[in-house]
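# A look at the structure
The lines below spell out each chain.
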Amino acid sequence: MRRALPLVALFCGMSVFSAVGAEKRPPNIVLLYSDDIGWGDLGCYGSKVIPTPNLDKLAAQGTRFTSGYCTSATCTPSRYSLLTGEYAWRRQGTGVLPGDARLIIKPGRPTMAASLAKLGYATGVVGKWHLGLGAGVVDWNQKIEPSPNQIGFTYSFIMAATGDRVPTVFVEDGSVVGLDPKDPIEVSYKAGYAGDPDLGSEAERAKLKMDWSHGHNMALVNGVGRIGWMKGGKAAVWEDETMGDTFAEKACAFIAHHKDKPFFLYYASHENHVPRVHHPRYTGRTPLGPRGDAVVAFDDQAGRILAELDKHGLAENTLVIYSSDNGPVLDDGYKDRAVELNRLAGHTPAGPFRGGKYSILEGGTRVGFIARWPGHTPVGKVSEALISQVDLPAVFARVAGGDPAEFLKLDSVDTSAALTGGAGRETLISSTQANVLAIRDARWKFIPATGAPPKGKQASGPLVDLLGSGEAQENDRREKASPRLFDLQTDPAELRNVAGEHPEIVERLNAVLLEQRARGVAQPLPS
Ligand code: NG6
Ligand code: CA
């Protein structure tokens, strides 16, 4: 299916890509996607206590964006937008999914992977999926369809949802890996199974490898409590400690296998989502405990994948993008001491921003965003261009020599020029799972009032806010009662609401937001 079309012709009007010659094969694309890793967690974004040499090197060899965004402050909606080019808040049923949810992207819809597969790319996803599987009730003992393989991926090696949700098994091309047919798997999000331990009891909790702090008291797997219940499938159950190595190996094998034709690899690491149970070789690599050590594990995985590109001489003709699915969180349901150790080390995982995972403040969606494409991305540049992950389906179609029109009809903007040193978006919308929306332009950010009653105290700064103290929560409630406008240039932490001083800017941004909302909010998913 390799095309012989002159790429230069397809890039007509896009002089930024004129260096791509007619005979040269289209670039490979590798998307390194982390989970819950914040803007401030990487060395190249200012972390002093987490060593991330591989990501730092990637940034030094390419361009590091300071206004790169996921679309939502949680996983499923961000990944939905990333793959479809449509904001998740336009659709119902795109919030954080249980592990037995049906696939929310209907086969036949345009996806980032399908558009590249049509151009002849091998398209692989390795890692955390969290977009559902199957068409209703999944039988984990049969071939599961639809899976990523029915929406554009030619290869998939995934976990269904998250590390803290059952089923705790890998699924490769629709089949559970290592399943013993004599020990079938059952999964339930309604009730436990006979013989399940009571993870609410002190005696059982004392035996856990990592105790839970909220939720995560249902199934017991590998000494860790999870969300949902599971029975059987013992031989297929993953080991949290080796999961990162398994994913990195599968990703490298995919690259090696497809080195002779264009490929797209979506590497969706589980790091540093809870439970943060990583390989013991990472223990103590940071003063932050499992949360910080898991960021080191992610950097290592990225390093292995980048080394695999080098090994096959592929780095020159590969666009590598790094980003994260949502901002950072400290206590996300397990007692891994993240709150205490971050406080002690003075580490600010959301960098200079306030809020984190789940929040409409910048810390929720403004994440690390790095692009390296030798000969195209300016080397060692720091770019302020606005770029959103919802753009990537269009951007990837463009750089692969395809037509991004199917994504431009939705919410993608072709920001490929930003990769080569040019401008990005004019405005960008971010959201929370509860469909709270915010809009920003180069300078200003507007968050409409969400109607909560005003009470509580004043703001206390970024770190305290992320820690979710009672004070910060009170303040949050109070803030939400009025429309908020922040000058991100002078006030990146969003501490000073200047809506009253700039009614014309509020009006302008609100008009764009209303126009966008008028195109659809919380509609049913295409059935
Ligand atoms: C929450 C979980 C949290 C995490 C999150 C999804 C509890 C108490 N909290 O409901 O641990 O799993 O969902 O994270 O169970 S995400 O990054 O996949 O969106
Ligand atoms: Ca996440």
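On a predicted model such as this, the values are computed, not experimentally measured, just so you know. (Residues numbered from 1 in each chain as written. Chains lettered and ligands numbered in written order. Predicted model: local features only at pLDDT ≥ 70, side-chain atom pairs only at ≥ 80, totals over all residues. Heavy atoms only, no water.)

## Considerations on helix α7 (residues 290-311)
Its 22 residues give α7 an end-to-end C-alpha distance of 31 Å, which sits within 8% of 32 Å, the value for a rise of 1.5 Å per residue. Burial analysis of α7 places 16 of its 22 residues in the buried class, which makes it a mostly covered element. (Helix = DSSP H or I, 4+ residues; strand = E, 2+ residues; numbered from the N terminus. Expected span 1.5 Å × (residues − 1). Buried < 20%, exposed > 50% of the residue type's maximum accessible area, 1.4 Å probe, protein only.)

## What to know about the coordination of the calcium ion (ligand 2)
Within the protein, the calcium ion (ligand 2) binds to Asp35 (OD), Asp36 (OD), Asp325 (OD), Asp325 (OD) and Asn326 (OD1); these donor distances fall in the range 2.2 to 2.7 Å. Each of the 6 donor atoms bound to the calcium ion (ligand 2) contributes to angles spanning 51 to 173°, and the resulting shape is irregular. When the donors of the calcium ion (ligand 2) are listed by position in the chain, the intervening gaps give D-D-x288-D-N. Highlighted residues: Asp35 in the loop between β1 (28-34) and α2 (53-61) and Asp325 in the loop between β13 (318-324) and α8 (338-345), separated in sequence by 290 residues. Here Asp325 falls in the buried class, since its relative accessible area comes to 0%. (Donors = N, O, S within 2.8 Å, 3.2 Å for Na, K, Ca; no water. Tetrahedral: all angles 85-135°; square planar, octahedral: opposite > 155°, others 65-115°.)

## Observations regarding the domain arrangement of the protein
When the parts of a complex come together, some accessible area is lost, and that lost area is often taken as the interface size. When its domains are assigned, the protein resolves into domain 1 (29-180 + 237-421) and domain 2 (431-518). Taking only C-alpha atoms into account, the centre of domain 1 sits 27 Å from that of domain 2. The interface of domain 1 with domain 2 comprises 33 residues on the first partner and 30 residues on the second. Taken over both partners, the interface formed by domain 1 and domain 2 buries close to 2500 Å², and the fraction arising from carbon and sulfur atoms is 59%. Contact with domain 2 buries surface across domain 1, with Trp89, Arg354 and Ile360 losing the most and accounting together for 36% of the total. The interface formed by domain 1 and domain 2 holds 1 salt bridge in total. Joining domain 1 to domain 2, the criterion identifies 11 residue pairs in polar contact (both at pLDDT 80 or more). Looking at the side of domain 1 that touches domain 2, the elements that each hand over two or more residues are α8 and α9 (362-365). In terms of residue class, the side of domain 1 that touches domain 2 is built from 16 nonpolar, 11 polar and 6 charged. (Domains from an automatic or database assignment. Contact = heavy atoms within 4.5 Å. Buried area = accessible area lost by both parts, 1.4 Å probe. Salt bridge = Lys/Arg side-chain N within 4 Å of Asp/Glu carboxyl O. Polar contact = N/O pair within 3.5 Å; in protein donor to acceptor, adjacent residues only side chain to side chain. Nonpolar A, V, L, I, M, F, W, Y, C, P; charged D, E, K, R; others polar.)

## Concerning the sheet that holds strand β15 (residues 381-383)
The mixed open sheet is built from 10 strands, whose spatial order is β7-β6-β5-β4-β12-β1-β13-β14-β2-β15. In the strand order of this sheet, the two ends are held by β7 (175-176) and β15, each with one partner. In this fold α2 packs onto β2 (63-65), β13 and β14 (369-372), with an angle of close to 60° to the strand it touches most, β14. Where helix α6 (residues 240-257) meets the sheet, its contacts fall on β4 (122-128), β5 (155-159), β6 (170-172) and β12 (263-268), and the angle it forms with β12 comes to roughly 175°. (Pairing = 2+ DSSP bridges. Axes fitted to C-alpha atoms, helices over the stretch in contact; angles between N-to-C directions.)

## Points about the environment of Pro110
Checked against the element boundaries, Pro110 lands in the loop between α3 (75-84) and α4 (112-118). Assessed through its relative accessible area of 27%, Pro110 is described here as partly exposed. Considered as a pair, Pro110 and Leu83 are 27 residues apart in the sequence and their alpha carbons are 8.6 Å apart. If near-sequence neighbours (up to four positions away) are discounted, Pro110 is found in contact with Leu83, Thr84, Glu406 and Phe407.

## Some remarks on the site of ligand 1
Near ligand 1 lie 20 residues; those nearest to it are Cys75, Asp164, Arg165, Asp332 and Lys357. Measuring from an oxygen atom of ligand 1, one finds a backbone N or O atom of Asp332 at 2.7 Å. Against a free-state accessible area of 450 Å², the protein chains account for coverage of 85% of ligand 1. Per-class residue counts for the shell around ligand 1 are 5 nonpolar, 7 polar and 8 charged. (Near = heavy atom within 4 Å. Areas by Shrake-Rupley, 256 points an atom, 1.4 Å probe, with all protein chains shown as cover.)

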